[in-house]
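# A look at the structure
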Amino acid sequence: MATMLTTHDVTNQASPLAGHNVYAGDRALRDALAFHLPDAADAHRHALGASLGGADMQEHARLANLHKPHLHTHDRFGHRIDEVEFHPSYHALIGAAMQAGLHATPWAQGPGAHLERAAAFLMFTQLEPSVLCPISMSYAVTPALRANAPLFDTWFGKLSSTRYDPRPLPVQAKHGVTMGMGMTEKQGGSDVRANTSTARFEEDTPWGQRYSIVGHKWFFSAPMCDAFLVLAQAPGGLSCFHLPRWLPDGTRNAVHLQRLKDKLGNHANASSEVEFAGAQAWLVGEEGRGVQQILEMGTLTRLDCALGTAGLMRQATSLALHHTTQRRAFGKALIEQPLMKNVLADLCLESEAATALALRLARAVDRQNDPFEQLMRRLLTPVAKFWVCKRGSALAQEAMECLGGNGYVEEHGAGTMARIYREMPLNSIWEGAGNIMALDLLRALRKRGKSDADVVHALATELATARGANAVLDGFSERVMARVAEAADVSGPEEELGARRLAQDVALAVQASLLRRHASDAVFDAFCASRLAGQGVQVFGTLPAGLKLDAILQRAMPH
Ligand SMILES: Cc1cc2nc3c(=O)[nH]c(=O)nc-3n(C[C@H](O)[C@H](O)[C@H](O)COP(=O)(O)OP(=O)(O)OC[C@H]3O[C@@H](n4cnc5c(N)ncnc54)[C@H](O)[C@@H]3O)c2cc1C
């Protein structure tokens, strides 16, 4: 009988990060929430954090990402069915997100609901983020539906219901529904005015004016949603329509799924190409107002891009901290090596600053009756979407490198860092790519009011909250305000050329002012010293000497 040779012992490999509490261990998130919602209890967040960091939910995330959805255009007898089949773990995750009320539920709740939802969204992202695509779209379209009262009356109760009901049935028969958005066509995504899909009026109905839509959408995510808000050209111009997948009479609408996209990441989410062959749709609002309506929804999906990226940044940073605490090289734990300490602390700063900025925007969304907050919402939507999403990919690459070769390995979906890295660029692209966001900041600045009520004054007020705390920040804010004032008064190619730089610097100034208010002194000082002084933002791991790196690492350590 042959004896099995023992070739080696497996040593010095880090354990998987599992069984931690994604809320309790996230000091940055907790402190930001304590600042924005000082009177709110947080036992429910602790419970959610424990559940999301637990082995069961993390396994659902792995499986949902590993087993991509399948499109069935026809049944075996040749009838169109246009159904997408998902792995059970996809259903488990989306069901949990709806149960937590991450879709339209906050629109049925009171003050603070959007901030609570933002925190939960940030935590849920640390599972399989692509599952949140229909959740985010349902959140974003719901207020827009108010422009058609009868439709709103029928759909709102089910959109805000916390019951997930994936059955392919008309709205009347469902316990809960989700909605998607269809703007992008082959010839134009950012420039939706180039849309060629047409809408022809057919008749007045109990849901208002019904049209017939002919055309296509080049990207049409989550096609198993119960309805979609789509853009199409009506006689009065580009208009917004509510297009249900099932018609009130119980028949399928003419929504023909052509194929599913083969994507870099975002695997659990089905993103389809679709054709509308005379699909029935109901006008929402007036003809010709489609662009404005879509832009309003965009402010909400853009919030989620910032929140989602902040969540992924937190997850990547947690993985890097966990790994380097356990892995040893050259006689020490990696986290004890001075240069690795510099890299990790830098990641912690970026992650906390992203969380702070995303939640600041969520506060502005939450306070809908506060004029100052509405100016901040207009200002920070493009700023946060641009900057947080841009930094996300850079952070994911560096966090992956902290794990060495293991960081690059997928291992049947167990390589969470690789999954994060593949997902990151998407939040920067969809819902308005980087340039579109930077140009939108210029647009926001130019809408000056007659009094002090404009975004420029709002930014000055916001930055004044941190004045006097740090000389570097004071100087930086002053220079940013001068450039902002200039950009508000002049328009032209020169200003467009500098739009990204401006968006970056506004983001940094606001992030620093927030860190002053709810981060530790060690984090605030290091952020100012590394991002606002000297050469500014550089490759991670270039923090100057003299900062309290251990305190920064300790604050961010997951548990
Ligand atoms: C996985 C995935 C899912 C998606 N799901 C949906 C969906 O469900 N519904 C939907 O409607 N869309 C969806 N999209 C589409 C997405 O919103 C668009 O891809 C995005 O808005 C960019 O549009 P585009 O692809 O046409 O690129 P373009 O508009 O061609 O833009 C290309 C580049 O040019 C830049 N650019 C454009 N104009 C200017 C300018 N004036 N100055 C400087 N730079 C400029 C942009 O910033 C971008 O970097 C999805 C995309 C992806 C990748």
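Look a little higher up for the structure.
In what follows, the accompanying structure is described.

Each value, and the rule that gives it
The numbering scheme is per chain: residues are counted from 1 as the chain's sequence reads. It should be noted that, the model being predicted, local features are given only for residues of pLDDT at least 70 and side-chain atom pairs only at 80 or more, the latter also being counted only at that level, while totals for whole chains, interfaces and linings use all residues. Processing note: side-chain calculations cover all non-hydrogen atoms of the structure and skip hydrogens and water entirely. By convention in these notes, a residue is near a molecule or strand provided one of its non-hydrogen atoms lies within 4 Å of it. Polar contacts, as used here, are pairs of N or O atoms within 3.5 Å; protein pairs need one atom able to donate a hydrogen and one able to accept it. Residues neighboring in sequence count only if both atoms are side-chain atoms. Accessible surface area values rest on a Shrake-Rupley calculation with a 1.4 Å probe, where residue burial reflects the displayed protein chains alone. Numbering goes from the N terminus for both helices and strands, where a helix is a DSSP run of H or I of at least four residues and a strand is a run of E of at least two. Amino acids outside the nonpolar list (Ala, Val, Leu, Ile, Met, Phe, Trp, Tyr, Cys, Pro) and the charged list (Asp, Glu, Lys, Arg) are all regarded as polar, and Gly is one of them. By this definition, two strands are paired if DSSP reports at least two bridges between them. Here the term buried applies to any residue with accessible area under 20% of the maximum for its type, exposed to any over 50%, and partly exposed to those in between, with areas from a 1.4 Å probe on protein chains only. The span one expects for a helix is its residue count, reduced by one, times 1.5 Å. Nonpolar cores were defined as sets of buried Ala, Val, Leu, Ile, Met, Phe, Trp, Tyr and Cys residues, with membership established by side-chain atoms within 4.5 Å. By definition in these notes, contact holds between two residues if any of their heavy atoms fall within 4.5 Å.

Before going further, it helps to spend a moment on the site of the ligand. The environment of the ligand is formed by 20 residues, the closest being M181, M183, T184, S190 and S221. Taking M183, its main chain carries an N or O atom lying 2.7 Å from an oxygen atom of the ligand. A distance of 2.8 Å is found between an oxygen atom of the ligand and a backbone nitrogen or oxygen belonging to S221. Protein chains bury 67% of the 980 Å² of accessible surface belonging to the ligand in isolation. If you list the elements that add at least two residues to the shell around the ligand, you get β3 (179–182), β5 (208–221), α11 (416–429) and α12 (434–446). Residue composition of the shell around the ligand, grouped by class: 10 nonpolar, eight polar and two charged.

Look at any regular strand and the pattern is simple: side chains alternate between the two faces of the sheet. In the sheet, strand β4 (residues 198–205) pairs with β5 via seven bridges, with the strands oriented antiparallel. Note that in β5 the partner of D204 across the bridge is Q209. If you look at the hairpin formed by β4 and β5, you'll find two residues sitting between the two strands.

Now for the environment of P338. Here P338 is to be found in helix α9 (residues 338–366). With relative accessibility at 56%, the residue P338 sits in the exposed group. Residues P338 and G19 lie 319 residues apart in sequence; the distance between their C-alpha atoms is 29 Å.

Next up on the list: helix α8 (residues 290–326). Here α8 is 37 residues long and its end C-alpha atoms lie 54 Å apart, about the 54 Å a rise of 1.5 Å per residue gives. A large share of α8 lies buried, amounting to 32 of its 37 residues.

Attention now moves to the nonpolar core. Judged by nonpolar contacts, the single largest core of 179 residues is most densely connected at F241 and L445. For L445, the contacting residues outside a window of four places in its chain are L379, V455, V456, V484, A487, A488 and L502.

Bridge analysis of strand β1 (residues 70–74) against strand β2 (residues 80–85) gives four bridges, and the strand direction is antiparallel. Within β2, the position partnered with H74 by the bridge is R80. Hairpin connection from β1 to β2: five residues lie between these consecutive antiparallel strands, with G78 at a positive phi of about 95°.

On to α11, then. Working note: α-helix, 3.6 residues per turn, so residues spaced by three or four point in the same direction. The buried fraction of α11 is high, at 10 of 14 residues. Every buried residue belonging to α11 is among T416, M417, A418, R419, I420, R422, E423, M424, N427 and S428, and all of these are buried. On its buried face, α11 sits against α3 (55–66), α8, α10 (371–402) and α12. At the exit of α11 stands E431, carrying a positive phi of roughly 60°.

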